[in-house]
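Each chain, written out:
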Amino acid sequence: MTIDLTDTTTGAIHEALTQARRRMGGPASGTVLTLIIVTDEAAQYDAVRAASQAGREHPSRVLAVITRKPKAESRLDAEIRVGETGPGETILLRMYGPLGQHADSVVAPLLAPDVPVVTWWPDEAPPSPSEDPLGTVAQRRVTDAAASETPRDMLLDLAKAYRPGDTDLSWTRSTPWRSLLAATLDQPYPELLSGEVLAEPGNPSADLIAAWLGLRLGIGVQRGESGGPGITEVSFETVDGKVALSRPDGRNAALSWPGHPERRVALHRRETAELIAEELRRLEPDEVYAETLRALAAGAGGPAQ
Amino acid sequence: MLQSRNPLRDPRDRRIPRVAGPCVLVMFGVTGDLARKKLMPAVYDLANRGLLPPGFSFVGFARRDWADEDFAQITFQAVKEYARTPFRDAVWQQLSEGVRFVSGSFSDDAAFDQLAACVRLLDEERGTSGNYAFYLSIPPGQFPMVVQQLKRSGLSDSAGGGWRRVVIEKPFGHDLASARELNATLDGVFPPHAVFRIDHYLGKETVQNILALRFANEMFEPIWNRGYVDHVQITMAEDIGIGGRAGYYDGIGAARDVIQNHLLQLLALVAMEEPVAFDADSLRMEKEKVLSAVRLPADIATGTSRGQYSAGWQGGRQVRGFLEEDGIPADSRTETYAALRLGVDTRRWAGVGFYLRAGKRLPRRMTEIALIFHRAPHLPFSATDTEELGQNALVIRIQPDEGITVRFGSKVPGTAMEVRDVNMDFAYGESFTESSPEAYERLLLDVLIGDPPLFPRQAEVELGWRILDPIEEFWASYTKPEQYPAGTTGPPSADALMARDGRAWRRL
């Protein structure tokens, strides 16, 4: 059911939620976390949809913070959705006027008790997420460098401001590639000399993969450019020749290895809902991300000289 | 010089899943229901989740006049219909490139030679590196022949590098002697660590969660003993009859079919001591220890019960009795319901009754483990206040609606002090279920990775038969199953069994 409350307060939202839950026979008692989405009217639909899809794996209370008309009178409108799109509950909070600057005062009383809080900025993120009022309440802060106009600079900013609990969806996007690369080196492999990651210009996931490989393998890994889509190839020069994992079409990857037949595997690009579901699976600080970000800031995985 | 250390693996990197290495999965019995409804979809789901290696190949073997494409089509339909994860064309295309079919009967030497040639060709074409897993989704009577063929054709020989694994499904024999015989068949060909016995119950998330519940928490373990637990009820109720399984079921019965494996495994997980580590050997050691401490009732006649469903109404439909089912002889003495009272002779559990029951055509489908606690030693309320207060209970629901219920007394709102039972409920998946992997997915992946914690070892199978054999022998010589109308909760003797101990079954 959907309940619209205009010019309301958090107390009234609470009241409406409890009533709605009672009328529905008490769902959402198994909420595992509160997810705060900081967004605007234009982008909220996609973000909330992705969050409710991810909610099938992680039943959550989704609080969408939408700021509107900063010059208007302060006002809070709420749209409560319970039992519509799956488990959990979604509250769209529209904040008008100066209230938009004090979103944390609205969000704090609405956090589900006893469970972790995650804040997600699907578009523009604050330069220092952990110091943002909506970031300080969260154990986990999710940004998305790919949404920025200058993704690499944003990653460098994030590296400077990093606090345990920060994470970025461009890192999440790299997981299938990293998983396949790790599986590739599960087999005995010839000594690696250097590496290269090819992707569309400005693809932050490729920057991170290059930095990660360089850091882990202790070899120079260059970041090269290609026409895309997304990441198209990761390759290593080895003493026996070139080992490459290439994905020219954004769907299927082929592993070529000296002296072996080409092995093919599906490697598709994932939807936002899948990315968010992966992010929510583990809420402890991601130390590997932190190290990779630091390595990136220190110049690893840089563009070809 | 080849390097074998993999610096890309880091235990802190929790995002990177375990992925199987290059391999071929060879499946026997691909025309069966299990293959179509569970195994083929599980292979696809694994591929879709990116957990299968590049070049992974899937070979079917059956007595059908099929080409590779026909088998790929059969697999495709099974995937379309039963896969858990959404269908993606690219994933299927990749998977189908590695699908092969070899036609022949199990006695046909030429067919197995052809199979051997087929997997070797896959090694060359797709780089599967000589690693083969053989899934025997076939009746146990055919194991010896297939295993011998694997040996004869050189398929089981891993001397040239690469691994060999063989997967078998229950039943692992029908008594201790036949279980040993079966094991001897495999033993000569595959080393013990290469034999994976699938008990799909152990692949269920909720069953694995028993270990998390017990050993990751502080609040349950202190009361997990005879000081607090009065008795334990382990139930596996099915609403269906035997359906098309008459040929298998007659002569087997409920106890051999599910109690010997599933229910005793559940008992082991609930009753075992804490393993020193969550690895295969430590887990199995504890399970074997507790299974070897299981004690049978002193008098099997009163400590067990068995029944057969008769015609009746189940779930709003009129159904036939067991003896009228197609393929069941009218004088069959096979039970469709079995209940046992077991004890566990350890300090932790001395005197605590473990009541196991399994049956078909019961009111509803439900598998659960219930720990029923003692009543409070003293109640400071008057007897009338607590009239409606039962015993506290902790119930682990295995299926359906996986979760945990804790039942305890609570004050009824009002001016009088009245205490009544209430439930506190944790639904394991309020909706986790929708995306949590199927048991077969997890188990297949474990086979391909070679990770054995969730597979029972021969010793556990034998311990199970040691518990059941005396009961089966007694039943065979002295009793006839009691009739219970379909749709009811089992034979009267099962209720009498509980009543003698001053207890009652939980309602189904």
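From a predicted model like this one, the values you see are computed outputs, not experimental measurements.

Student: It is not clear to me how the overall build of chain B should be interpreted in this structure. Could you clarify?
Tutor: Assigned secondary structure in chain B consists of 14 helices and 19 strands. Counting all 508 residues of chain B, 43% fall into the buried class. The contacts of chain B with a sequence gap of at least 6 include a subset with a gap of at least 24, amounting to 79%.

Student: Help me out: how do you make sense of the overall build of chain A in this one?
Tutor: Summing up its helical and strand segments, chain A has 10 helices and 15 strands in all. Here the C-alpha coordinates of chain A stretch approximately 70 × 40 × 30 Å along the principal axes. Relative to its 305 residues, chain A shows a buried fraction of 45%. Across chain A, the fraction of contacts at a sequence separation of at least 24, relative to all contacts at a separation of at least 6, is 71%.

Student: Explain the nonpolar core here, please?
Tutor: The nonpolar side chains of a soluble globular protein tend to be buried, and buried together. With 171 residues, the main nonpolar core has V26(B) and I259(B) as its most contacted residues. For this core, the element with the highest residue contribution is helix 9 (residues 253–271) of chain B, accounting for 12 residues. Those residues in contact with I259(B), other than ones at most four positions away along the chain, are A254(B), L264(B), A338(B), L340(B), L356(B), A358(B) and L468(B). Membership of the second largest hydrophobic core comes to 42 residues, among which are V62(A), I91(A), W120(A) and V142(A).

Student: Whenever I open this one, the sheet that holds strand 15 (residues 263–266) of chain A confuses me. Can you help?
Tutor: Where strands meet in a sheet, backbone hydrogen bonds hold them as pairs that are either parallel or antiparallel. An order of 11-10-12-13-14-15 (chain A) is seen for the 6 strands of this open sheet, with the pairing classed as mixed. Unpaired on one side and paired on the other, strand 11 (220–225) and strand 15 of chain A mark the two borders of the sheet. Between one strand axis and the next, the sheet turns through 20° on average, direction left out of account. Bridging between strand 13 (residues 241–246) of chain A and strand 14 (residues 252–256) of chain A involves 3 bridges; their strand directions are antiparallel. Within strand 14 of chain A, the position partnered with A244(A) by the bridge is S256(A). Against the sheet, helix 3 (residues 89–97) of chain B touches strand 14 and strand 15 of chain A, its axis set at about 150° to strand 15 of chain A.

Student: Which parts of the structure should I look at to understand the packing of helix 8 (residues 204–217) of chain A against helix 10 (residues 287–297) of chain A?
Tutor: All names here are of chain A. As a packed pair, helix 8 and helix 10 sit with axes 8 Å apart at the nearest point and diverge in direction by 95°. The pairing of helix 8 with helix 10 is recorded here as roughly perpendicular in orientation. Residues D207, L208, A211, W212, G214 and L215 of helix 8 touch helix 10, and the partners they reach there are E291, T292, A295 and L296. Across the contact of helix 8 with helix 10, the residue classes break down as 6 nonpolar, 2 polar and 2 charged.

Student: Please clarify how the pairing of strand 12 (residues 231–238) of chain A should be interpreted in this entry.
Tutor: Regular strands show a simple pattern: their side chains alternate between the two faces of the sheet. Residues and elements named next belong to chain A. Looking at chain direction, strand 10 (residues 192–199) and strand 12 are connected through 7 bridges and run antiparallel. Bridge pairing links A199 to I231 in strand 12. Direction of pairing for strand 12 relative to strand 13: antiparallel, over a ladder of 6 bridges. Residue pairing in the sheet places V234 in a bridge with L245 of strand 13.

Student: Would you mind going over the interface of chain A and chain B with me for this structure?
Tutor: Counting residues at the interface gives 36 residues for chain A and 38 residues for chain B. Secondary-structure elements contributing two or more residues to the side of chain A that touches chain B are helix 7 (175–184), strand 9 (189–190), helix 8, strand 14, strand 15 and helix 10 of chain A. With 7 residues, the single largest contributor to the side of chain A that touches chain B is helix 7 of chain A. Here the residues of the side of chain A that touches chain B are counted per class, giving 16 nonpolar, 8 polar and 12 charged. Relative to strand 1 (residues 2–3) of chain B, strand 9 of chain A runs antiparallel, the two being bridged by 2 bridges. Residue pairing across strands places Y189(A) opposite Q3(B), the latter belonging to strand 1 of chain B.

Student: Help me understand the domain arrangement of chain A in this model?
Tutor: How large an interface is tends to be reported as the accessible area lost when its parts come together. Residues and elements named next belong to chain A. For chain A, the assigned domains are domain 1 (2–168) and domain 2 (169–305). Measuring from the centre of the C-alpha atoms in domain 1 to the corresponding centre in domain 2 gives 31 Å. The interface is formed by 26 residues belonging to domain 1 together with 21 residues belonging to domain 2. Among the secondary structure elements, those contributing two or more residues to the side of domain 1 that touches domain 2 are helix 2 (44–54), strand 7 (140–143), helix 5 (151–161) and strand 8 (166–168). Residue contributions to the side of domain 1 that touches domain 2 peak at 6 residues, all from helix 5. Class assignment for the residues of the side of domain 1 that touches domain 2 results in 16 nonpolar, 5 polar and 5 charged.

Student: Mind showing me how you'd approach the pairing of strand 14 of chain A here?
Tutor: Residues and elements named next belong to chain A. Side chains A253 and L255 of strand 14 all project onto a buried face; the interleaved residues N252, A254 and S256 project onto a face where none is buried. Hairpin geometry of strand 13 and strand 14 is characterised by an intervening segment of 5 residues between the two adjacent antiparallel strands and by a positive phi of about 75° at G250. Examined bridge by bridge, strand 14 and strand 15 share 4 bridges and lie antiparallel to one another. Looking at strand 15, one finds that A254 is bridged to R264.

Student: Would you mind showing me how to read the sheet that holds strand 5 (residues 132–136) of chain B here?
Tutor: Residue and element names in this part refer to chain B. Overall, parallel pairing links the 6 strands, which are arranged 4-3-2-5-6-7 in an open sheet. The two strands at the open ends of the sheet, each matched to only one other strand, are strand 4 (99–103) and strand 7 (195–198). Shown here is a sheet whose adjacent strand axes are inclined to one another by a mean of 20°, direction ignored. Lying over the sheet, helix 2 (residues 68–82) contacts strand 3 (57–62) and strand 4, oriented at roughly 115° with respect to strand 4.

Student: Please clarify how the environment of T75(B) should be interpreted in this entry.
Tutor: All names here are of chain B. Inspection of the secondary structure puts T75 in helix 2. Separated by 22 residues in sequence, T75 and E97 place their C-alpha atoms 12 Å apart. What T75 contacts, discounting residues up to four positions off in sequence, is M40 and V99.

Student: So what exactly am I meant to see when it comes to helix 9 of chain B here?
Tutor: Turn by turn, an α-helix covers 3.6 residues, leaving residues three or four places apart pointing in a common direction. Residue and element names in this part refer to chain B. Taking 1.5 Å of rise per residue, the 19 residues of helix 9 would be expected to cover 27 Å, and the 25 Å separating its terminal C-alpha atoms lies within 8% of that figure. The axis of helix 9 is deflected most strongly, by about 55°, at I259. Along helix 9, 18 of the 19 residues are buried, which leaves the element largely enclosed by surrounding structure.

Student: I'm lost on the environment of L110(A) in this one. Help?
Tutor: Turning to its location among the elements, L110(A) is positioned in the loop between helix 3 (103–107) and strand 6 (117–120). In this structure L110(A) touches T10(A), I13(A), L63(A) and I91(A), once residues within four positions along its chain are discounted.

Student: Please clarify how the environment of G250(A) should be interpreted in this entry.
Tutor: Residue and element names in this part refer to chain A. Tracing the backbone shows G250 in the loop between strand 13 and strand 14. The sequence separation of G250 and G230 amounts to 20 residues, and the corresponding C-alpha distance is 6.8 Å. Those residues in contact with G250, other than ones at most four positions away along the chain, are P229, G230 and R269.

Student: When you look at the confidence of the model for chain B in this model, what are you seeing that I'm missing?
Tutor: Low-confidence regions, as indicated by low pLDDT, have predicted coordinates that should not be scrutinised in detail. Confidence in the prediction for chain B averages 90 pLDDT; 98% of positions are at 70 or higher. Both scores are available for the predicted complex, with the pTM at 0.85 and the ipTM at 0.84.

Student: Got a minute to help me understand unusual backbone geometry in this structure?
Tutor: Most peptide bonds take the trans form, and the phi angle of most residues other than glycine is negative. Here K170(B) and P171(B) are connected by a cis peptide whose omega angle stands at 5°. Note on placement: P171(B) falls in the loop between strand 6 (164–169) and helix 6 (176–187). Positive phi, normally seen in glycine, also occurs at K69(A), with a value near 35°. Within the secondary structure layout, K69(A) lies in the loop between strand 3 (60–68) and strand 4 (75–82). On the basis of neighbour counts, which here come to 13 C-beta atoms within 10 Å, the residue K69(A) falls in the partly exposed class. Positive phi, normally seen in glycine, also occurs at S129(B), with a value near 60°. Inspection of the secondary structure puts S129(B) in the loop between helix 4 (109–126) and strand 5.

Student: How should helix 9 (residues 272–281) of chain A be read in this particular structure?
Tutor: Within helix 9 of chain A, burial applies to T272(A), L275(A), I276(A), A277(A), E279(A) and L280(A). Contacts made by the buried residues of helix 9 of chain A are with strand 2 (33–39), helix 2, strand 6, strand 7, strand 8 and helix 6 (169–173) of chain A.

What counts and what doesn't
Residues numbered from 1 in each chain as written. Chains lettered and ligands numbered in written order. Predicted model: local features only at pLDDT ≥ 70, side-chain atom pairs only at ≥ 80, totals over all residues. Helix = DSSP H or I, 4+ residues; strand = E, 2+ residues; numbered from the N terminus. Buried ≥ 20, exposed ≤ 12 C-beta atoms within 10 Å, placed from the backbone. Contact = placed C-beta atoms within 7 Å. Core = buried A, V, L, I, M, F, W, Y, C linked by C-beta atoms within 7 Å. Pairing = 2+ DSSP bridges. Axes fitted to C-alpha atoms, helices over the stretch in contact; angles between N-to-C directions. Parallel < 35°, antiparallel > 145°, perpendicular 65-115°, else oblique. Nonpolar A, V, L, I, M, F, W, Y, C, P; charged D, E, K, R; others polar. Domains from an automatic or database assignment. Expected span 1.5 Å × (residues − 1). Bend = angle between axes of the 7 residues up to and from the residue. pLDDT = per-residue confidence, 0-100.

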